[in-house]
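Structural overview for review
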Amino acid sequence: NAGVTQTPKFQVLKTGQSMTLQCAQDMNHEYMSWYRQDPGMGLRLIHYSVGAGITDQGEVPNGYNVSRSTTEDFPLRLLSAAPSQTSVYFCASRKLAGGPRGNEQFFGPGTRLTVL
Amino acid sequence: ILNVEQSPQSLHVQEGDSTNFTCSFPSSNFYALHWYRWETAKSPEALFVMTLNGDEKKKGRISATLNTKEGYSYLYIKGSQPEDSATYLCAFGGATNKLIFGTGTLLAVQP
């Protein structure tokens with residue numbers, strides 16, 4: 001299993017540009033989520049999904065869109081990039097069966113985004 | 001807004017010292033408490049997932065306890081080694097499917 005994969009690893013955008021961060025998992029996990037990591041702030045939840053066709057907002061959703069058309073993929077879209085979105089983005093997944101909150105979460109390698 | 005707090009923010013110990021950190025979380029609507037180990041330039045990796053009040057988990061020199069009634073969990077490391085240097089994160093799973101993370105405790109173990 002490849003686990004959770006993310007592309008790209010690094011990206012530089014100009015203010016106002018849009019882009020999509022890709023995330024895929026091959027573990028048949030129902031739950032997928034996106035976090036951003038900023039110094040002193042830990043991991044903050046942006047959006048999450050409990051299955052194909054179902055998404056919901058996390059702690060810091062503004063400026064980001066998500067969709068979940070398949071179990072495997074959960075892309076994160078930046079609509080109009082701003083310098084405040086400079087961060088490291090982590091995608092994560094976990095199994096829901098057997099109790100969603102009792103199963104460990106697996107993280108992707110991260111995408112380092114800089115917005116100029 | 002759910003508040004998950006970790007203390008201390010950072011810790012410097014000598015090799016061989018034993019140490020512990022605290023995670024505080026809401027005591028209502030509790031479902032699970034996760035602990036993760038996060039090395040620099042890597043992704044967080046799960047250490048423990050605890051769901052029952054009084055749970056104690058152990059993996060090698062690392063162990064954790066859980067008190068859901070008062071809303072805290074302790075992570076212990078016995079005989080710290082330099083390879084234990086990392087940020088230790090806890091995450092609270094409550095009444096929704098979300099996992100909310102604390103800001104972590106940065107542990108540095110000096111040889």
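Our subject is the structure that appears above.
Now for a quick tour of the structure. Since the model is a prediction, treat every value here as computed from it, not as a measurement.

A short note on the overall build of chain A
Scanning chain A from terminus to terminus reveals zero helices and eleven strands. Written out in order from the N terminus, the α and β elements of chain A read β-β-β-β-β-β-β-β-β-β-β. Its C-alpha radius of gyration of 14 Å places chain A within 12% of the 13 Å reference for a compact globule of 116 residues. With respect to the principal axes defined by its C-alpha atoms, chain A has extents near 45 × 30 × 25 Å. Put simply, of all contacts in chain A between residues at least 6 apart along the chain, 54% involve residues at least 24 apart. Only carbon and sulfur atoms are counted for the fraction: they give 51% of the accessible area of chain A, which is about 5200 Å². If the 10 positive side-chain charges of chain A are averaged to one point and the 8 negative ones to another, these points end up 7 Å apart.

Thoughts on the overall build of chain B
The number of helices and strands found in chain B is zero helices and eleven strands. Reading chain B from its N terminus to its C terminus gives the helix and strand order β-β-β-β-β-β-β-β-β-β-β. Relative to the compact-globule value of 13 Å for 111 residues, chain B shows a C-alpha radius of gyration of 13 Å, a close match. Overall, chain B is about 40 × 30 × 20 Å in size when its C-alpha atoms are taken along their principal axes. Counting over 111 residues, chain B shows a buried share of 50%. Of all intrachain contacts in chain B linking residues separated by at least 6 positions in sequence, the fraction that spans at least 24 positions is 54%. Here chain B displays about 5500 Å² of accessible surface, and carbon together with sulfur accounts for 46% of that area.

Things to note about unusual backbone geometry
Look at the link from Thr7 of chain A to Pro8 of chain A: it is a cis peptide, with omega at -5°. By the secondary structure assignment, Pro8 of chain A is in the loop between strand E1 (4-7) and strand E2 (10-13). Omega for the bond connecting Ser7 of chain B with Pro8 of chain B falls within 30 degrees of zero, at -5°, which places this linkage in the cis form.

Let's talk about the state of the cysteines
Residues and elements named next belong to chain A. As enumerated under the stated definition, the model contains two disulfides over all chains in all. Here Cys23 is linked by a disulfide to Cys91, with a sulfur-sulfur distance of 1.8 Å. Linking Cys23 and Cys91, the disulfide has an S-S dihedral of approximately -70° and is accordingly described as left-handed. Here the residue Cys23 occupies a position in strand E3 (residues 19-25), and Cys91 occupies one in strand E9 (residues 87-94), the gap between them amounting to 68 residues. Classification of Cys23 as buried rests on a relative accessible area of 2%.

Focus: the environment of Leu13 of chain A
All names here are of chain A. Note that Leu13 resides in strand E2. Along the sequence, Leu13 and Asp56 sit 43 residues apart, while their C-alpha atoms lie 26 Å from each other. For Leu13, the contacting residues outside a window of four places in its chain are Met19, Ala81, Leu113, Thr114, Val115 and Leu116.

With respect to the pairing of strand E11 (residues 105-110) of chain B
All names here are of chain B. By the alternation rule, side chains of E11 split into Thr105, Leu107 and Val109, which are all buried, and Leu106, Ala108 and Gln110, of which none is buried. As judged from the five bridges shared by strand E2 (residues 10-14) and E11, these two strands associate in the parallel manner. Across the sheet, residue Val13 finds its bridge partner in E11, namely Val109. The pairing of strand E9 (residues 86-93) with E11 spans three bridges and is antiparallel. In the sheet register, Tyr88 faces E11, and the bridge partner there is Thr105.

Side note on the packing of aromatic side chains
For the structure shown, the criterion picks out 15 aromatic pairs over all chains. Centre to centre, the rings of Tyr35 of chain A and Phe107 of chain A are 6.0 Å apart; their planes meet at 45°, and the pair counts as tilted. With Tyr35 of chain A in strand E4 (residues 31-38) and Phe107 of chain A in strand E10 (residues 106-107), the pair connects residues that are 72 residues apart, well separated along the chain. A residue is classified by how much of its surface remains accessible, and Tyr35 of chain A, at 0% relative accessible area, is buried. A relative accessible area of 10% places Phe107 of chain A in the buried class. Members of the aromatic cluster, connected to one another through ring pairs, are Tyr35, Phe90 and Phe107 of chain A together with Tyr36, Trp38 and Phe101 of chain B. In this structure, Arg94 of chain A packs its charged tip against the face of Tyr31 of chain A, placed 4.0 Å from the ring centre.

The rules behind each value
Residues numbered from 1 in each chain as written. Chains lettered and ligands numbered in written order. Predicted model: local features only at pLDDT ≥ 70, side-chain atom pairs only at ≥ 80, totals over all residues. Heavy atoms only, no water. Helix = DSSP H or I, 4+ residues; strand = E, 2+ residues; numbered from the N terminus. Rg over C-alpha atoms; globule rule 2.2 N^0.38 Å. Contact = heavy atoms within 4.5 Å. Areas by Shrake-Rupley, 256 points an atom, 1.4 Å probe, with all protein chains shown as cover. Lys, Arg positive; Asp, Glu negative; His and termini not counted. Charge placed at Lys NZ, Arg CZ, Asp CG, Glu CD. Buried < 20%, exposed > 50% of the residue type's maximum accessible area, 1.4 Å probe, protein only. Disulfide = S-S within 2.5 Å. Pairing = 2+ DSSP bridges. Phe/Tyr/Trp six-rings, centres within 6.5 Å; stacked < 30°, edge-to-face > 60°. Lys NZ or Arg CZ within 6 Å of the ring centre and 35° of its normal.

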